[in-house]
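Each chain, letter by letter, is given below.
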Amino acid sequence: MDHHPMKLRMSSSGSMLQTAILPSSSCMLPHNTHVNKAMTNSLIHELASSGVLVNTSYFPPTLRICFCPIPIQTMEFNPQEKQWRLFKFKLQFFSVVPFLCIHLSSSAVLAPILQDPSTRLQFLSLYLRTPYQQPTKLLVDLTAPFSWVECTCSNRSSCTYRYHPLPCASPLCNWLNSPACSNCSSEPTDPICSDGLCHLFFARPRNRKRVRVQALADSLALPVTNGRNPGQLEVVPEFVFSCSERSLLKGHVPRGVTGLAALGQSKFSLPAQVSNSLSSPNVFALCPSDSPSAPGVAFFGTRGPYFFLPEIDLSKHLNYTPLLISTDEDEAYLIGLTSIRVNGRVAVKLNRSVLTVDENGFGGTTLSLSTPYTVLESSIYASLVEAFVNESAAAAFKLTATQPVSPFSVCYDAGDVLVTSAGPAVPTIDLVMQSNDVVWRILGSNSMVRMAREGVDVWCLALLDGGANPPATIVIGGQQMVDNLLQFDLDSQQLGFSSSVLVHDTMCANFNFTVNT
C-alpha cells in the first residue's frame, strides 16, 4: 500500500505563491466525517475555485483525501449540501496548511492483541479517543454486546473521556433499540446526567449482573491491512459504545486497560459495527500471542489471507465447525463438541447430554478469552485428568505427577519434561467436533503452563474444575487459544480453527506490524 503526498500550489490573483509537498503521516479525519470519492471531488473543485491548484497526478483513482488537525480551520464540510465550504483562507504558507491524508480504501482492518503477564488476559490496542493521540487498551470479551470505556467524572467537563452522548430521538439510538432514556430527576447523584439521552444495558464482567449505562458515539480508527502488514488508519464514524465506572475495572483487567472490547454476537459489537461501516464481511479472526512482549493480531472484515512470518498464510490451515449462535446477546459463542480424546486414542468418559444446551440455557461448550484457563464440569474434568495422568505415565512419556501448584491439580517436575518446538512433550488432547476428522488438537504448548516460584519449577495441566452444575459445561479459556488462529464467521455462522500454529513453523507473535509504506 502506497501513501503519496499531495502537491498543492497556492495562488491568488494569478500570482504563484509557492509549491508545497505535504506529508500524510499525521493526518486525521474530522469527527464523524467519512470522506468518500464524491466528497474528494467536491474538495478539489472548491480548492481550485479558490485559487488552490491541486496536482491530481499523485492520485490513483482509489485514493482518498482527508484533513489534518490545523491551528486555524480553513475548510468545513457541510453534510446537508454535501460539499466543502472554504470560509477562511490566508495566503501565508504556514497558515494555509491544507492538510491531507491519503490511503487506499480497504474493507479489512486489524488491531494488535496483547497478553497481560500477571492475569494472562488478552486486550486490544486501538484508537477510540478523539483526537487519536494514544491507543486505547480494551479487554477482549467474546460475550459482551457492546464495548465500553472507563469514564471518571465529578462533572461533565472533568470527565477523563470526552464523549458524545446520543439523544433518545437520534437515528443511532433507534438503531440500538434502546429500552431506556435518562431522567435526571430520578438520578440526582449522577454528575453527567442529562435528560433524554440514550441508554444501554450490559452485564458486569464477573457476576453478569445487568447494569444500565449511557450510550456514546465517537470515531474508531484501526489500521487497514492486506493480510501482511498494517497500513494507514481507517475510520469507523459514529462507533457506538458506553462509559462505565472505575469500580468495574478493579481486580478484573490488566493495568493500563481502560475498558472492554465487545466481540460478541450483537449488531453493535465491535466486529459488527466495523462490518457495517466498511461494507465488509461480518468476520473477525484472532491470533493471540503467548508472549507478553510481542503482540498477536486481530483481523476484522476479512476471511484472509492472514500472513505470518515466514510467509505462512494461516487461512489455509483452518478446520471449520458450526457456530451455535445464542438467542441471548449477552451469551458466548457455542460450538458443538461431541467427544474428547487423549493421546489420539483414549476416549474420555463423559455424559454427552451435558455437552448440549438445555431448555434453561445451561450446558454446551463456549469460548472465552476472559477466562485464563479452560474450565470443565466436574465429571468431565475428573475423567479427562485421569486419562491424561495415565497416558503421561506410559512408556512414551514416563512422567510422574508431583506436588501440584494452585490453582492446578496435576503438575510435573520441569526437569522431567522434554520441551519441543510445540511445547512440553505430553499427551495431546483432542476436542472432537461434528465428526471424527474435525478435531481441535491441543498440544503441550496450550495444555501446560509453567509455574516457577519459591524454589518450585513445574509444568502443570492448565485445566480447572468448574463444579457440578456450571452455566457452561466446558469453557475453552485463553491458555488454550494462544498461538491458535480462530476465525469467527458470523455471516456463515461457523468457527474456523487452526489448532496450534507452532506446527506450521510460525506463531501469533510473527505477524509483521511494520507499516506498509
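Keep in mind that what you see is a predicted model, and the values were worked out from it rather than measured.

**A word on helix 4 (residues 270-278)**
Then, number 1: Helix 4 sits mainly inside the fold: seven of its nine residues count as buried.
Then, number 2: All of the buried residues along helix 4 are Leu270, Pro271, Ala272, Gln273, Val274, Ser275 and Leu278.
Then, number 3: Within two residues after helix 4, Ser279 carries a phi angle of roughly 55°, on the positive side.

**So, the state of the cysteines**
Then, number 1: Evaluation of the coordinates by the stated rule reveals three disulfides.
Then, number 2: Here Cys173 connects covalently by a disulfide to Cys198, the sulfurs 2.1 Å from one another. Since a negative S-S torsion denotes a left-handed disulfide, the Cys173-Cys198 link at about 85° is right-handed. With Cys173 in helix 3 (residues 171-176) and Cys198 in strand 13 (residues 198-203), this pair connects stretches of sequence that are 25 residues apart. Across the pair, Cys198 and Cys173 agree in class, each one buried.
Then, number 3: The side chain of Cys411 participates in a disulfide bridge whose partner is Cys460; the two sulfur atoms lie 2.0 Å from each other. Its torsion about the S-S bond being 100°, the disulfide of Cys411 and Cys460 is classed as right-handed. On the criterion of sequence distance, the pair formed by Cys411 in strand 27 (residues 411-413) and Cys460 in strand 33 (residues 456-461) is long-range, its members being 49 residues apart. As far as the burial class goes, Cys411 and Cys460 line up, both buried.

**Remarks on the pairing of strand 21 (residues 319-324)**
Then, number 1: Relative to strand 37 (residues 494-500), strand 21 is paired through four bridges, and the arrangement is antiparallel. Looking at the pairing, Tyr320 lines up with Gly496 of strand 37.
Then, number 2: Pairing of strand 21 with strand 22 (residues 334-335), which is carried by two bridges, proceeds in the antiparallel orientation. Note that in strand 22 the partner of Leu323 across the bridge is Ile335.

Criteria and cut-off values
Residue positions are given per chain, counted from 1 along the sequence in the order it is written. For a predicted model such as this one, the threshold for reporting local features is a pLDDT of at least 70, and the threshold for listing and counting side-chain atom pairs is 80 or more; totals across whole chains, interfaces and linings nevertheless cover every residue. To get the side-chain values, take all heavy atoms of the structure and skip hydrogens and water. Partly exposed describes any residue whose relative accessible area lies between the buried limit of under 20% and the exposed limit of over 50%, with all areas from a 1.4 Å probe on protein chains only and scaled to the type maximum. Secondary structure elements follow DSSP: runs of H or I of four or more residues count as helices, runs of E of two or more count as strands, with numbering from the N terminus. Criterion for a disulfide: a pair of cysteine sulfur atoms within 2.5 Å. A pair of strands is treated as paired once DSSP finds two or more bridges between them.

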